[in-house]
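Chain residues, written in single-letter form:
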Amino acid sequence: MFRLKTFAFLAVIAVLILSACSTAAPQETAEETSCAPNCEFTDMVFCYPQLGAESDWRTANTASFKETAGDLGVRLIFSDAQQKQENQISAMRSCIQQGVDVIGLPPVVEDGWEPVLTEAKEAGIPVIIVDRSVTADSSLYASHIGSDMFLEGQRAADEMNKLLPDGGKIVELSGTTGSGAAVGRAEGFRANLNDNIEIVDSQTGNFTTAEGKPVMEAFLKKYEGEIDGAFIHNDNMAIGAVEAMKSAGLEPGDIVIVSVDGTRGGFQLMIDGWVQADVECNPLLGPQVYDMALALMNGQDIDREVLTDETVYFPNEAADLLPSRKY
Ligand code: GYE
């Protein structure tokens, strides 16, 4: 009995010592990174608390960060917050505790990041806001790399104006409520939409196919025969919306659709005649973000805002371009 207790006691001590060793990484800061100014990618521990896996855009974004880390030799600490801000915040706190070199944050929503950004700043860990924006003061983070969501909304409206030159009634399937992507696209769209086009309803489909479908079903019931067009904030929701339109017996073009992302799914919808314009949003941000993270580790100057160069895709080129699409 005594021996058993002694053994158990020693075992507990051993586990405690081992776990202390594995979590007690040195607290490095950007300025104090010991390799600066000659840090290489193989010196970098990079934290990416991904916001979720809600869309093909997101899957491609995750793949870009994982594959590029593998190619460069960056040590990536990756997590998936399942579209919950509190999960992203705790993943960030864990990275701060581990003393990572740089954090890339793709924020699920815009508000509420001040406390954790302040904690990162106090720990000397630079944060690059990736993809969507935050409302926090820009002194709390190093830079933002991502799309101009307002411009995407404007581009979507320009296409809707061309599709409905005599005006009409449209619905909007918007992205996650409170996300920089949904807010920017909605505002940009309204800024450029012609006065003779009326947005009769707007509901969120949370950027997913599964949630986009019932939203469109409800629109079709509520405004039977009245809808001329739909602005849909991403291709995955467009896929769900088209399923609803098919079930309701609609044909391609009965309701014109402008979507966003330019994923393979969106290209297929253009080829099949359902989507008339797809505003590009590029998820392949890994290489750019790691380059900036390395510059930060080496104490170099960086741009405080880097917006992705994007375009609009149309059905007439969709079949030719689809085979070369990376996402
Ligand atoms: O458009 C959508 C994804 O934040 C730009 O998030 C991103 C958006 C993208 O779920 O498909």
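Parameters and conventions
Residues numbered from 1 in each chain as written. Predicted model: local features only at pLDDT ≥ 70, side-chain atom pairs only at ≥ 80, totals over all residues. Heavy atoms only, no water. Helix = DSSP H or I, 4+ residues; strand = E, 2+ residues; numbered from the N terminus. Buried < 20%, exposed > 50% of the residue type's maximum accessible area, 1.4 Å probe, protein only. Contact = heavy atoms within 4.5 Å. Areas by Shrake-Rupley, 256 points an atom, 1.4 Å probe, with all protein chains shown as cover. Lys, Arg positive; Asp, Glu negative; His and termini not counted. Charge placed at Lys NZ, Arg CZ, Asp CG, Glu CD. Near = heavy atom within 4 Å. Polar contact = N/O pair within 3.5 Å; in protein donor to acceptor, adjacent residues only side chain to side chain. Nonpolar A, V, L, I, M, F, W, Y, C, P; charged D, E, K, R; others polar. Domains from an automatic or database assignment. Expected span 1.5 Å × (residues − 1). Pairing = 2+ DSSP bridges. Axes fitted to C-alpha atoms, helices over the stretch in contact; angles between N-to-C directions. Parallel < 35°, antiparallel > 145°, perpendicular 65-115°, else oblique. Left-handed = near helix turned anticlockwise from the far one by under 90°.

**Q** Can you lay out the overall build of the protein chain for me, pointing to particular residues and giving the numbers?
**A** Scanning the protein chain for helices and strands turns up 11 helices and 12 strands. With the C-alpha coordinates of the protein chain rotated into their principal frame, the extents come out at 80 × 55 × 35 Å. Counting only residues that meet the buried cut, the protein chain has 53% of its 327 residues in that class. The contacts of the protein chain with a sequence gap of at least 6 include a subset with a gap of at least 24, amounting to 76%. When the accessible surface of the protein chain is totalled, it reaches about 14,700 Å², and 53% of it is carbon and sulfur. Here the protein chain contributes 22 positively and 50 negatively charged side chains, and the mean placements of these two sets differ by 8 Å.

**Q** Quick rundown of the site of the ligand? Include the residues and the values.
**A** Near the ligand lie 13 residues; those nearest to it are Glu54, Asp131, Arg132, Asn234 and Asp261. Note that an oxygen atom of the ligand is positioned 2.7 Å from one of the side-chain N or O atoms of Asp131. One of the side-chain nitrogen or oxygen atoms of Arg132 is found 2.7 Å away from an oxygen atom of the ligand. Coverage of the ligand by the protein chains reaches 100% of its 300 Å² of free accessible surface. For the shell around the ligand, the secondary structure elements donating two or more residues are α2 (56–72) and α6 (180–192). Of the residues in the shell around the ligand, the class split is 5 nonpolar, 2 polar and 6 charged. Looking at the shell around the ligand, you find at least three residues from each of domain 1 (41–146 + 283–309) and domain 2 (149–281).

**Q** An account of helix α5 (residues 149–163) is requested, with residue identities and associated values reported.
**A** Between its terminal C-alpha atoms α5 stretches 21 Å, which fits the 21 Å expected from 15 residues at 1.5 Å a residue. Along α5, the residues classified as buried are Met149, Glu152, Gly153, Gln154, Ala156, Ala157, Glu159, Met160 and Asn161. With a side-chain oxygen positioned 3.3 Å from the backbone nitrogen of Phe150, the residue opening α5 is Asp148.

**Q** Talk me through the sheet that holds strand β3 (residues 102–105); I want residue IDs and the actual numbers.
**A** Paired through backbone hydrogen bonds, the strands of a sheet run either parallel or antiparallel to each other. Strand order across the open sheet formed by 6 strands is β2-β1-β3-β4-β5-β11, with parallel pairing between neighbours. Two strands close off the open sheet at either side, each with one partner strand: β2 (75–80) and β11 (305–307). Geometrically, the sheet is characterised by an average inter-axis angle of 15° between neighbouring strands, direction not taken into account. Across 3 bridges, β3 lies against strand β4 (residues 127–130) in parallel orientation. Considered in β4, the bridge of Gly104 is made with Ile128. Against the sheet, helix α10 (residues 286–297) contacts β1 (45–50), β2, β3, β4, β5 (143–146) and β11, and its axis sits at roughly 165° relative to β4.

**Q** How would you explain the packing of helix α7 (residues 209–222) against helix α8 (residues 235–247) if you had to name every residue and give the values?
**A** Packed helices, taken two at a time, are described by the angle between their axes plus the distance between the axes. Relative to each other, α7 and α8 sit at 45°, their axes nearing to 7 Å. The orientation of α7 with respect to α8, classified from their angle, is oblique. Taken as a pair, α7 and α8 cross one another with a handedness that is right-handed. Residues Thr209, Gly212, Lys213, Met216, Glu217 and Leu220 of α7 form the contact with α8, whose own contacting residues are Asn236, Met237, Ile239, Gly240, Ala241, Glu243, Ala244 and Met245. In terms of residue class, the contact of α7 with α8 is made up of 7 nonpolar, 4 polar and 3 charged.

**Q** Give me the lowdown on the packing of α5 against α6, citing residues and values where you can.
**A** Taken N-terminus to C-terminus, the directions of α5 and α6 make an angle of 40°; their axes are 6 Å apart at the nearest point. Relative to α6, α5 is oriented oblique. As α5 runs across α6, the sense of the crossing is right-handed. Counted together, Met149, Phe150, Glu152, Gly153, Gln154, Ala156, Ala157, Asp158, Met160 and Asn161 of α5 and Gly180, Ala181, Gly184, Arg185, Glu187, Gly188, Phe189, Ala191 and Asn192 of α6 form the full contact between these two elements. Here the residues of the contact of α5 with α6 are counted per class, giving 8 nonpolar, 7 polar and 4 charged.

**Q** Give a detailed account of the sheet that holds strand β6 (residues 168–174), specifying residues and quantitative values.
**A** If you trace the 6 strands from one edge of the open sheet to the other, you get β7-β6-β8-β9-β10-β12, paired in mixed fashion. Two strands close off the open sheet at either side, each with one partner strand: β7 (197–204) and β12 (312–313). In the sheet, strand β10 (residues 277–280) pairs with β12 via 2 bridges, with the strands oriented antiparallel. Bridging from a neighbouring strand, Asp278 pairs with Tyr313 of β12. Against the sheet, α5 contacts β6, β7, β8 (229–232), β9 (256–261), β10 and β12, and its axis sits at roughly 160° relative to β9.

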